[in-house]
Amino acid sequence: MRHALRSLCVYCGSAAGHDPAFADAARLLGRLMAGQGLTLVYGGGHVGLMGIIADAVLAAGGEVTGVIPRALMDSEVGHERLTRLWVVADMHERKALMAEHADGFIALPGGIGTLEELFEAMTWLQLGYHAKPIGLLNVQGFYDPLLDFLDRQVRAGFLRHEHRALLMTETDPAALLQRLRGFVMPEGVSVFSRREARNLVP
């Protein structure tokens, strides 16, 4: 069954990176999301690519929901001009709330925090905890080495081909949004059924 797409959780860097193409991609994705009526759900910061995409969505008339731990808000990293900003206790609560309020996920370039969030979302999709689409915006080949490594995991027998295929990758934000809208969870791909997954202890 196709999953309705009304909001997207975007994982990205708290830095802007050295290549201006990273910021350009974040701005374009933000404008496209607002134009398509998609709410941005993200980590609530005003710095780096996080702040750039949030500002782009807001400037284009879209809605932005931020989720940020109290410690980061107190460090003046929080974005105070969002549609909604939820301040939570810690990173675990942040990630859970972001995932709960998103109908899909996109990762832009970022650091180890971005990778950790991306792979958690992929793991829960693989296990059947959710059936939401996951996309990777591969700006300027940033994620080429990571994609090569995932393919190596398949060849080595540590990642099933059908699970690798769940990560949709594009270099163009519009193409990625179109693919996420068309995502249908394949039958029999999850390691567990969704009912079984709900009974597991994470």
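Cut-offs applied
Residues numbered from 1 in each chain as written. Predicted model: local features only at pLDDT ≥ 70, side-chain atom pairs only at ≥ 80, totals over all residues. Heavy atoms only, no water. Salt bridge = Lys/Arg side-chain N within 4 Å of Asp/Glu carboxyl O. Helix = DSSP H or I, 4+ residues; strand = E, 2+ residues; numbered from the N terminus. Buried < 20%, exposed > 50% of the residue type's maximum accessible area, 1.4 Å probe, protein only. Phe/Tyr/Trp six-rings, centres within 6.5 Å; stacked < 30°, edge-to-face > 60°. Axes fitted to C-alpha atoms, helices over the stretch in contact; angles between N-to-C directions. Parallel < 35°, antiparallel > 145°, perpendicular 65-115°, else oblique. Left-handed = near helix turned anticlockwise from the far one by under 90°. Contact = heavy atoms within 4.5 Å. Expected span 1.5 Å × (residues − 1). Disulfide = S-S within 2.5 Å. Arc of directions from axis to C-beta. Nonpolar A, V, L, I, M, F, W, Y, C, P; charged D, E, K, R; others polar. Core = buried A, V, L, I, M, F, W, Y, C linked by side-chain atoms within 4.5 Å.

**Thoughts on the pattern of salt bridges**
Item 1. Enumeration over the complete set of coordinates arrives at ten salt bridges.
Item 2. Between Asp 55 and Arg 81 there is a salt bridge; the shortest N-O distance is 3.6 Å. Linking Asp 55 in helix H2 (residues 48-59) with Arg 81 in the loop between helix H3 (70-74) and strand E4 (84-88), this pair joins segments that are 26 residues apart in sequence.
Item 3. By relative accessible area, which is 59% here, Arg 81 ends up exposed.
Item 4. Taken together, the shared-partner salt bridges in this structure form one network comprising Lys 95, Glu 116 and Glu 120.

**As for the packing of aromatic side chains**
Item 1. All chains considered together, the criterion is met by four aromatic pairs.
Item 2. Plain terms: the ring middles of Tyr 11 and Phe 105 are 6.0 Å apart, the flat faces sit at 20 degrees to each other, and that makes the pair stacked. With Tyr 11 in strand E1 (residues 7-11) and Phe 105 in strand E5 (residues 105-107), this residue pair connects regions lying 94 residues apart in the sequence.
Item 3. Aromatic side chains Phe 22 and Phe 142 sit 5.6 Å apart centroid to centroid with 75 degrees between the ring planes, which places their arrangement in the edge-to-face category. Taken together, the residues Phe 22 in helix H1 (residues 20-35) and Phe 142 in the loop between strand E6 (134-137) and helix H6 (144-156) connect sequence positions 120 residues apart.
Item 4. Within the aromatic cluster, the residues linked to one another by ring pairs are Phe 22, Phe 142 and Tyr 143.

**Comments concerning the packing of H1 against helix H8 (residues 173-181)**
Geometry of a packed helix pair, given as the angle between the helix axes and the separation of the axes.
Item 1. Running from N to C, H1 and H8 cross one another at 45 degrees; their axes reach a closest spacing of 9 Å. On the basis of their axis angle, the class for H1 and H8 is oblique. Between H1 and H8 lies a crossing whose hand is right-handed. Facing Ala 25, Leu 28, Leu 29, Leu 32 and Met 33 of H1, the residues of H8 in contact are Pro 173, Ala 174 and Leu 177.

**Side note on H2**
Item 1. With twelve residues, H2 extends 17 Å from end C-alpha to end C-alpha; this agrees with the ideal 16 Å at 1.5 Å per step.
Item 2. When you tally the buried positions in H2, you get nine out of twelve residues, the bulk of the element.
Item 3. Along H2, the residues that are buried comprise Gly 48, Leu 49, Met 50, Gly 51, Ile 52, Ile 53, Ala 54, Ala 56 and Val 57.
Item 4. Here the buried face of H2 lies against E1, H1, strand E2 (39-42), strand E3 (64-69) and helix H4 (91-100).
Item 5. Just past H2, the residue Gly 61 takes up positive phi, approximately 85 degrees.

**Side note on the state of the cysteines**
Item 1. Per the counting criterion, the structure on display carries zero disulfides.
Item 2. In this structure Cys 9 is a free cysteine whose sulfur lies 9.3 Å from that of Cys 12, the closest cysteine sulfur available.
Item 3. The exposure class assigned to Cys 12 is buried, which follows from its relative accessible area of 7%.

**What to know about H8**
Item 1. For H8, the full list of buried residues reads Pro 173, Leu 176, Leu 177 and Leu 180. Down the axis of H8, the sector holding all buried residues measures 100 degrees, keeping them to one side.

**What about the environment of Ile 112?**
Item 1. In this fold, Ile 112 is placed in helix H5 (residues 112-127).
Item 2. Sequence separation between Ile 112 and Asp 19 is 93 residues, and the spatial gap between their C-alpha atoms is 18 Å.

**Notes on the packing of H1 against H2**
Item 1. At a closest axis distance of 7 Å, the pairing of H1 and H2 adopts a crossing angle of 35 degrees. The two elements H1 and H2 meet at a crossing, and its hand is right-handed. Packed against H1, whose contacting residues are Phe 22, Ala 23, Ala 26, Arg 27, Leu 29, Gly 30, Arg 31 and Ala 34, the element H2 presents Leu 49, Ile 52, Ile 53, Ala 56 and Val 57 at the interface.
Item 2. Here the residues of the contact of H1 with H2 are counted per class, giving ten nonpolar, one polar and two charged.

**Thoughts on the nonpolar core**
Generally speaking, soluble globular proteins have nonpolar side chains that are buried together.
Item 1. One finds Val 10, Leu 40 and Ile 53 to be the most contacted residues of the largest nonpolar core, which totals 57 residues.
Item 2. Among the elements that line this core, the one with the most residues is H1, at seven residues.

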